[in-house]
Amino acid sequence: MIIGLTGGIGSGKSTVARAFETLGAAWIDADDVAREVVATGEPALLAIKNRFGNQIVCQDGTLNRAALRDIVFKDPEQRQWLESVTHPKIRERILEHLKRLKLQGAPYVLLVSPLLFESGQSELVSRCIVVDVSQALQLSRTLMRDGVSESQVRAILAAQLTRDQRLAKADDVIDNSGDHASMTKQVARLDTSYRQLLNC
Ligand code: ADP
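Conventions and cut-offs
Throughout, residues of each chain are indexed from 1 in the direction in which the sequence is written. Restriction of local features to residues with pLDDT of at least 70 applies here, the model being predicted, together with a cutoff of 80 or more for giving and counting side-chain atom pairs; totals for whole chains, interfaces and linings are based on all residues. The basis for the side-chain values is all heavy atoms of the structure; hydrogens and waters are excluded. Whether two strands pair depends on DSSP finding at least two bridges between them. What counts as a helix is a DSSP run of H or I of at least four residues, what counts as a strand is a run of E of at least two, and both are numbered from the N terminus. Every axis in this analysis is a line fitted to C-alpha atoms, fitted for helices over the stretch in contact. Angles between the N-to-C directions lie between 0 and 180 degrees. Whether a residue is near a molecule or strand is decided by its heavy atoms; if any one of them lies within 4 Å of it, the residue is near. Two N or O atoms count as a polar contact when they lie within 3.5 Å, although within protein this holds only if one can serve as hydrogen donor and the other as acceptor, and sequence-adjacent residues are included solely when both atoms are side-chain atoms. Areas reported as accessible are Shrake-Rupley estimates using a 1.4 Å probe. Residue values count occlusion only from the protein chains shown. Put simply, Ala, Val, Leu, Ile, Met, Phe, Trp, Tyr, Cys and Pro go in the nonpolar bin, Asp, Glu, Lys and Arg in the charged bin, and everything else, Gly too, in the polar bin. In this scheme, a residue with accessible area under 20% of its type's maximum is buried, one over 50% is exposed, and one in between is partly exposed, where area comes from a 1.4 Å probe on protein chains only. In what follows, residue pairs with any heavy atoms lying within 4.5 Å of each other are defined as contacts. Here a salt bridge means any side-chain nitrogen of Lys or Arg lying within 4 Å of a carboxyl oxygen belonging to Asp or Glu. For Phe, Tyr and Trp, rings pair up if their centres lie within 6.5 Å, where Trp contributes its six-membered ring, and each pair is then called stacked (planes under 30 degrees apart), edge-to-face (over 60) or tilted (otherwise). Working note: the arc is built from the helix axis to C-beta atom directions.

Trainee: So what's going on with the sheet that holds strand S3 (residues 109-112)? Residues and values would help.
Mentor: Overall, parallel pairing links the 5 strands, which are arranged S2-S3-S1-S4-S5 in an open sheet. At either margin of the open sheet sits one strand with a lone partner, and together these are strand S2 (26-29) and strand S5 (172-175). For this sheet, the mean angle separating the axes of adjacent strands, direction not counted, is 25 degrees. Where strand S1 (residues 2-6) lies against S3, 4 bridges are found, and the strand directions are parallel.

This is how it looks when you write it as structure tokens:
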């Protein structure tokens, strides 16, 4: 069973995924996979270099993510092109990782993705967990975690689904507005129900 785990920036996806891991589940992060497909030597990086020129790579040959972000944030057409190159590769690589983890014997696997619904990755999973917190808490936890400005976080929030849109698509919801103990209790409850579904 593959379960999608999503939520806005700073909602607590990674923290929740680690709590599932301590109970024996495996997980992969779609953001890590997105970085893998544009690593040095990958065909997607070559395609990006051919389109935007050498200024899109750093001196050491790795992708200049800030420069690319600048281009695609300003120009929807370029963003569409980038997604048409990277999304099929991300999907392919996610499927490879999921297969590997299943072979390693995990009872179920979580696909952690901030854009699970927006990217169509929800088609790869049999159910979806939404990690839910208020926007105010998302903002304060993200500001505490990352050295970014409030306006940068607000720009990311604006590009993601709203809290209500996400909740409407959830099969299971984890309310992460409480402390860690409250979160791990909810994770344990879901883990039990998934194992019951799987009969293991
Ligand atoms: P995401 O992966 O969704 O961006 P994280 O799991 O990194 O979010 O959590 C964002 C920040 O909030 C992290 O610094 C994390 O330690 C903290 N955090 C997550 N859950 C809780 C919680 N229940 N109570 C307090 N802090 C939390």
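Here the narrative resumes.
Trainee: So, the site of the ligand: which residues are in play, and what are the values?
Mentor: Taken together, 13 residues lie near the ligand, and Lys 13, Ser 14, Thr 15, Arg 145 and Asn 176 sit nearest. Between the ligand and Gly 10, the relevant distance is 2.9 Å, taken from an oxygen atom to a main-chain nitrogen or oxygen of the residue. Residue Ser 11 places a main-chain N or O atom 3.3 Å away from an oxygen atom belonging to the ligand. Coverage of the ligand by the protein chains reaches 78% of its 560 Å² of free accessible surface. Counting residues per element, the ones that place at least two in the shell around the ligand are helix H1 (13-22) and helix H6 (135-145). For the shell around the ligand, the leading source of residues is H1, giving 3 residues. For the shell around the ligand, the class distribution of residues is no nonpolar, 9 polar and 4 charged.

Trainee: Report on the side chain of Gln 121, specifying residues and quantitative values.
Mentor: By the element assignment, Gln 121 lies in the loop between S3 and strand S4 (127-132). Among the residues examined, Gln 121 registers a relative accessible area of 11% and is labelled buried. Side chain to side chain, Gln 121 and Ser 113 meet in a polar contact 2.6 Å long. Non-local contacts of Gln 121, meaning those with residues more than four positions away in its chain, are made with Ala 30, Ile 90, Ile 94, Leu 111, Ser 113, Leu 115 and Leu 116.

Trainee: So what about the pattern of salt bridges? Which residues, and what values?
Mentor: Throughout the structure, instances matching the rule amount to 10 salt bridges. Here Glu 36 ties to Arg 93 by a salt bridge, and the two come within 3.4 Å at their closest N and O atoms. Remark: Arg 93 occurs in helix H5 (residues 76-103) and Glu 36 occurs in helix H2 (residues 30-36); sequence separation between them is 57 residues. For Glu 36, a relative accessible area of 29% corresponds to the partly exposed category. Its salt-bridge partner being Arg 79, residue Glu 83 comes within 3.3 Å of it at the nearest N-O pair. Linking Glu 83 with Arg 79, this pair stays in helix H5, spanning 4 residues, or about one helical turn. Residue Arg 79 is classed as partly exposed on the basis of its relative accessible area, which comes to 34%.

Trainee: Mind laying out the packing of aromatic side chains, listing which residues take part and the relevant values?
Mentor: Enumeration over the complete set of coordinates arrives at 4 aromatic pairs. For the pair Phe 20 and Tyr 194, a centre-to-centre distance of 6.4 Å together with 20 degrees between the ring planes defines the contact as stacked. Of this pair, Phe 20 sits in helix H1 while Tyr 194 sits in helix H9 (residues 180-198), and the two are 174 residues apart along the sequence. Since its relative accessible area comes to 0%, Phe 20 is described here as buried. Taken together, a centroid distance of 5.4 Å and an interplanar angle of 75 degrees make the contact between Tyr 108 and Tyr 194 edge-to-face.

Trainee: Now, about H6: what can you tell me, with residues and values included?
Mentor: Those residues of H6 not exposed but buried are Gln 138, Leu 139 and Thr 142. Each buried residue of H6 sits inside an arc of 95 degrees when the element is viewed along its axis, so together they form one side. Exposed side of H6, more than 90 degrees from the buried face: Ala 136 and Met 144 are the residues found there.

Trainee: Outline the pairing of S3, listing residues and values.
Mentor: What you see with S3 is no split at all: Val 109 and Leu 111 on one side and Leu 110 and Val 112 on the other are buried throughout. Judged from the 4 bridges that link them, S2 and S3 form a sheet pairing that is parallel. In the strand pairing of S3, Ile 28 is matched with Leu 111.

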